[in-house]
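# What the coordinates show
Given next are the chains, with one letter for each unit.
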Amino acid sequence: MTSQTQLFGRDSRRWNMKDFVRPDWPLLPYVGWQPTVLFTEGAERQRRTGALNDALDALDRTELTAVCEQVADLLIDDFCGDGEADLIRQYAYPLPAHVMVRLFGLPEADLPDVVRDVTLSADMTEESGPAYARLRERVSRLVTEKQARPGDDLPSRLLAHSARLTDEEAVLDIQVLVAGAHGPTANWIGNTLRLMLMDDDFSITLQGGRSSVGQALNEVLWKDPPLQNAPGRWAVQDCELAGRRIRRGDMLVLGIAAANADPQVQPAAYPDSGANRAHMSFSHGEYGCPFPAPELGELIAKTAVEVLLDRLPDVDLGVAPEEVRWRQSLWMRSLEALPVRFSPTAPMGQEAVWSGPR
């Protein structure tokens, strides 16, 4: 389905149920058509994704790793002396946001509000619409500032790209990038830490050197992908899919977690998925993630997990395993909290790697 763009497109204006949706439906920002890169097709999609791909690919991986390491150390410094922490609220969720603030050239003072609004908009509750609108306003101000004073940051590179994005296109596509980068990366970090703390078999192989953080990250993409369901594709014409009749304009939801659990893809006789990257967690085809995004997301997540294990080597689950609960979300696979205990240590006392927009 993801490979057949002639049958299943991204333009939701063809949705045959759109006239029955109320204006305040929390999902509307994600399935109602907007002039963002998400809903483009054909040559327009290639123009917009080309700009995003090039802007992301221009990021220096060594510099990004250094920023991630220093952000991770700063966050750990805040709780390392306590001997306990919630690794979701205090680490996994703020870390990608801190990194994005630096990559996007946002003011450091905007960080708490950015984290709040990105998180709320991803939850798809009645608070999602207002959070989405606030995030758009914040990105709009950022684009205006970068047009006047470009810097060494991702939005400036996007605005200077030969694709010649309009200001509106830049605002919309940067917002898509922010939402797509924060939640899934934060959940990837949190779900990987959960695997390491709660899966005895994996923990033993990790400590014995037979598994790596990279393998844990990949295993999570199979078992607990950060985005478990994703809207959507819309049928371009009447067709049949796996014996099911699809009507023109039907919306299809990608069941990413379900696809990864398909026994024909991952036979029960071979449960170890550490080296197998044939999962659907980044989608596939023309409408999949921009090509550098999985690599950059993995770099951020891998660095976050490695720094934590290095700084807090005896970190252990702080509650009974059955008390660790998943958040109630149709789309995201994320934890409500991940309480841990560890031996208190002194903070490293590093200065912030970044002090303001460039």
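Up top is the structure.
The text that follows walks through the structure, step by step, so that each part is easy to find. (Residues numbered from 1 in each chain as written. Predicted model: local features only at pLDDT ≥ 70, side-chain atom pairs only at ≥ 80, totals over all residues. Heavy atoms only, no water.)

This part takes up the sheet that holds strand β8 (residues 339-341). Strand order in the open sheet formed by 3 strands is β2-β8-β7, with antiparallel pairing between adjacent strands. The sheet terminates laterally at β2 (84-86) and β7 (316-317), the two strands that pair on one side only. (Pairing = 2+ DSSP bridges. Helix = DSSP H or I, 4+ residues; strand = E, 2+ residues; numbered from the N terminus.)

Where burial is concerned, most of helix α11 (residues 213-223) is hidden: 9 out of the 11 residues are buried. The complete set of buried residues in α11 reads V213, G214, A216, L217, N218, E219, V220, L221 and W222. (Buried < 20%, exposed > 50% of the residue type's maximum accessible area, 1.4 Å probe, protein only.)

This paragraph deals with the packing of aromatic side chains. To describe a pair of aromatic rings, one takes the distance between the centres and the angle between the planes. On inspection of all chains with the given rule, the structure shows 5 aromatic pairs. With a centroid separation of 6.4 Å and 90° between ring planes, the pair formed by F79 and Y91 is classed as edge-to-face. Note that F79 is positioned in helix α3 (residues 61-79) and Y91 in helix α4 (residues 88-92), a separation of 12 residues in sequence. The exposure class assigned to F79 is buried, which follows from its relative accessible area of 0%. (Phe/Tyr/Trp six-rings, centres within 6.5 Å; stacked < 30°, edge-to-face > 60°.)

Moving on to the state of the cysteines. Going through the model one piece at a time under the given rule, you end up with 0 disulfides. The structure places no disulfide on C68, whose sulfur is separated from the nearest cysteine sulfur, that of C289, by 17 Å. The class of C68 is buried, set by a relative accessible area of 1%. (Disulfide = S-S within 2.5 Å.)

Spatially, β1-β3-β6 is the arrangement adopted by the 3 strands of the open sheet, whose pairing is antiparallel. Whereas interior strands pair on both sides, the edge strands pair on one side only; in this sheet they are β1 (8-9) and β6 (251-254).

A cis amide bond, omega -10°, links P231 with the succeeding residue G232. Looking at the element boundaries, G232 is found in strand β3 (residues 230-235). With phi around 55°, R164 is a residue other than glycine that occupies positive phi space. Turning to its location among the elements, R164 is positioned in the loop between α8 (154-159) and α9 (167-198). Residue class for R164 comes out exposed when judged on its relative accessible area of 70%. If you check the backbone angles, A242 has positive phi at about 50° while not being a glycine. Mapped onto the elements, A242 comes out in the loop between β4 (239-241) and β5 (244-246). Assessed through its relative accessible area of 79%, A242 is described here as exposed.

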